[in-house]
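Architecture at a glance
Residues per chain are reported as follows:
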Amino acid sequence: MNTDRRVAVVTGAGSGIGRAVALALASAGWSLALAGRRAEPLAETAAAAGSPDALCVTTDVTDEDEVDALFTAVRAPRTRSASPRT
């Protein structure tokens, strides 16, 4: 595991300020973990950021279990996308 990798977890990354923050972090060289309620806008943000390896996790941040699942996914070996929802 590369412990030097800089990963930014961005909530609300599917639109607005969250998307703008994700794009800025990507341009600064950060690896991205994108969280939001809808998978499609997260994938669009990853594409716009030029980060095909971004981790996209559908997450409702008002649900503690989903937030726990988000950070579990961030710590796990990298996958293209994840969803804590059943």
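Residues numbered from 1 in each chain as written. Predicted model: local features only at pLDDT ≥ 70, side-chain atom pairs only at ≥ 80, totals over all residues. Heavy atoms only, no water.

1. What about the pairing of strand S2 (residues 31-36)?
- Of all six residues that make up S2, six are buried, and the element is covered over most of its length.
- The alternating pattern of S2 places Ser-31, Ala-33 and Ala-35 on one face and Leu-32, Leu-34 and Gly-36 on the opposite face, and all of these are buried.
- Looking at chain direction, strand S1 (residues 7-11) and S2 are connected through five bridges and run parallel. The residue bridging Val-10 from the neighbouring strand is Leu-34, located in S2.
- Crossover S1 to S2 through helix H1 (residues 16-27) is right-handed. (Buried < 20%, exposed > 50% of the residue type's maximum accessible area, 1.4 Å probe, protein only. Helix = DSSP H or I, 4+ residues; strand = E, 2+ residues; numbered from the N terminus. Pairing = 2+ DSSP bridges. Right-handed = clockwise from strand over helix to strand, strands pointing away.)

2. Details of the side chain of Thr-45
- For Thr-45, the position within the fold is in helix H2 (residues 39-48).
- Judged by its relative accessible area of 0%, Thr-45 is buried.
- For Thr-45, the side chain forms a polar contact with the main-chain oxygen of Ala-13, separated by 2.6 Å. (Polar contact = N/O pair within 3.5 Å; in protein donor to acceptor, adjacent residues only side chain to side chain.)

Remember that the coordinates give geometry; whether it matters functionally is a separate question.
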